[in-house]
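Here's the letter readout for the chains.
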Amino acid sequence: IFFRKFALLRQYTYYKKLKLFYNMNTVAATQIFKVDHDFKYSSENGLRFTRHFTQDGVSPYDLFQYELRSSVIRETSGRVIFEMNDVEVPVFWSQVATDILAQKYFRKAGVPQYETDGTPKLNSDGTPVLGPEKSVKQVAHRLAGTWRYWGEKFGYFASPEDAQVFYDELVYSLIKQMTAPNSPQWFNTGLYWAYGINGPAQGHHYVDPVTGVMTKAEDSYSHPQPHACFIQSVRDDLVNEGGIMDLWVREARLFKYGSGTGTNFSNLRGRGEKLSGGGTSSGLMSWLKIGDRAAGAIKSGGTTRRAAKMVILNIDHPDIEEFVDWKVSEEKKVAALVGAGYDSSYESEAYQTVSGQNSNNSVRVNQAFLEAVESGSDWNLTWRTDGRVCKTVGSRNLWDQIAHAAWACADPGLQFDSTINEWHTCPQSGPINGSNPCSEYMFIDDTACNLASINLAHFFDPETATFDIPGFKHITRIWT
């Protein structure tokens, strides 16, 4: 009860600040930020920023014209499964952009609501009426305001004026669609700072910015999960920390807040490999199917949950042939079910019945294998426990199997292990074994990255065929 009352108090303070923020210029807005916090500045070593897209004394929000729109999702049958009216966006935004903001990136609950004149809506007991975000202004303020807050709290800026420019330029670039952070930023960043929204701890850790010590999070959102792309390791262990079942828990933690993760499973024993207790392993595929089901169940609920998942296997693993054909075989099952009268859509029971639908799969090939394919020589598959050869296959046959599977169902992809590690920037920290789900992030195991995108089209003038290099350099520095 205490924490809920504290959160409501924060929300009440926030919507008073937000009303002022919308109605006052950026100079006054600087004072709003300073109401609750003792910020630090370093005129000697702090970051300095100049304006490129915004104007002194003019709110970045006032540089755009807005309109109210509706956003609707319908099933193929026409049934409405999502609808939001009075979504405030700039007039130049496409309907697709409006739908993505409203359906995916707006916070759907816990946000103070306002009357048309800007006054807060209150319940009969005086507490704020809570509901969803409904304006791009709220989201831009939630993101840029949070980034500014942490920068000011820990002395990143040379002065309050530099912090204000930083904030204004970020807001402008977001609303103009020049830039966008990765999805977990839209989902999670600023919910606590802006609205006082929080929840119980979910097993996350953060580095305490004061002590530098890795600390277990006390709650969900005061130190949120903004990273999009994770690479996680897995040990050949059933239930202990770092093992197979622990990985599914760690994946669930990431999926719940909208992030993706990739893992190289080549440490796991192949089918028939001996176990310490005297039996034999059920093989890699039995575990991958469990992870696939877990990811699908998580994806099926909530507004931010997804199952962005990469599964990687080295080319010399004992189960590589079964892994390569995994999705090909599952697609054949779908075809048989559709032939028996089941619906063929991806959401249908036919697809939900089969496995392998919640990950991107990749085969990790090395230079030795590629040279074997080139020469037509045999290729050895090896046990994980002792490295002995368990089976010898034709390298070209395996190569053709990979190519056929990719043609038949778009999986698996390829990752070129030797070249990737030749380009490794931190080789003394360990090899690169895998990637995030889309493979744009490749680094050592148990790391993550925080992505953002810049829309290059906004810097190109088609009439003069010129590129705004100073503007591009400016926005790159701001976002970096």
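Here's a quick rundown of the structure.

Each value, and the rule that gives it
Residues numbered from 1 in each chain as written. Predicted model: local features only at pLDDT ≥ 70, side-chain atom pairs only at ≥ 80, totals over all residues. Heavy atoms only, no water. Helix = DSSP H or I, 4+ residues; strand = E, 2+ residues; numbered from the N terminus. Buried < 20%, exposed > 50% of the residue type's maximum accessible area, 1.4 Å probe, protein only. Contact = heavy atoms within 4.5 Å. Disulfide = S-S within 2.5 Å. Phe/Tyr/Trp six-rings, centres within 6.5 Å; stacked < 30°, edge-to-face > 60°. Lys NZ or Arg CZ within 6 Å of the ring centre and 35° of its normal.

### Some points on the environment of Phe-472
Argument step 1. For Phe-472, the location among the structural elements is in helix 16 (residues 469–479).
Argument step 2. According to the relative accessible area criterion, Phe-472 is partly exposed, its value standing at 27%.
Argument step 3. Considered as a pair, Phe-472 and Phe-459 are 13 residues apart in the sequence and their alpha carbons are 6.6 Å apart.
Argument step 4. If we skip the residues at most four places from it in the chain, Phe-472 touches Ile-454, Leu-456, Phe-459 and Phe-467.

### Side note on the state of the cysteines
Argument step 1. The tally for this structure, following the rule as stated, stands at zero disulfides.
Argument step 2. A disulfide-free cysteine, Cys-409 has its sulfur positioned 17 Å from the sulfur of Cys-438, the nearest such atom.
Argument step 3. A relative accessible area of 18% places Cys-409 in the buried class.
Argument step 4. Free of any disulfide, Cys-426 has its nearest neighbouring cysteine sulfur in Cys-449, separated by 14 Å.
Argument step 5. What makes Cys-426 partly exposed here is its relative accessible area of 29%.

### Let's talk about the packing of aromatic side chains
Argument step 1. Considering all chains together, one arrives at 21 aromatic pairs under this definition.
Argument step 2. Geometrically, the ring pair formed by Tyr-105 and Trp-186 is stacked, given 4.9 Å between the ring centres and 10 degrees between the ring planes. One end of the pair, Tyr-105, is in helix 3 (residues 95–105); the other, Trp-186, is in helix 6 (residues 183–188), with 81 residues separating them in the sequence. Here Tyr-105 matches Trp-186 in class, with each residue buried.
Argument step 3. For the ring pair Tyr-149 and Trp-150, a centre distance of 5.3 Å and an interplane angle of 70 degrees mean the geometry is edge-to-face.
Argument step 4. Classification of Trp-150 as partly exposed rests on a relative accessible area of 28%.
Argument step 5. Joined through ring pairs, the aromatic side chains of Phe-53, Phe-64, Phe-92, Tyr-172, Phe-459, Phe-467 and Phe-472 make up one cluster.
Argument step 6. Directly above the ring of Tyr-66 sits Lys-137, whose terminal nitrogen or CZ lies 4.3 Å from the centroid.
Argument step 7. Positioned above the aromatic ring of Phe-92, the side-chain terminus of Lys-176 is 5.3 Å from the ring centre.

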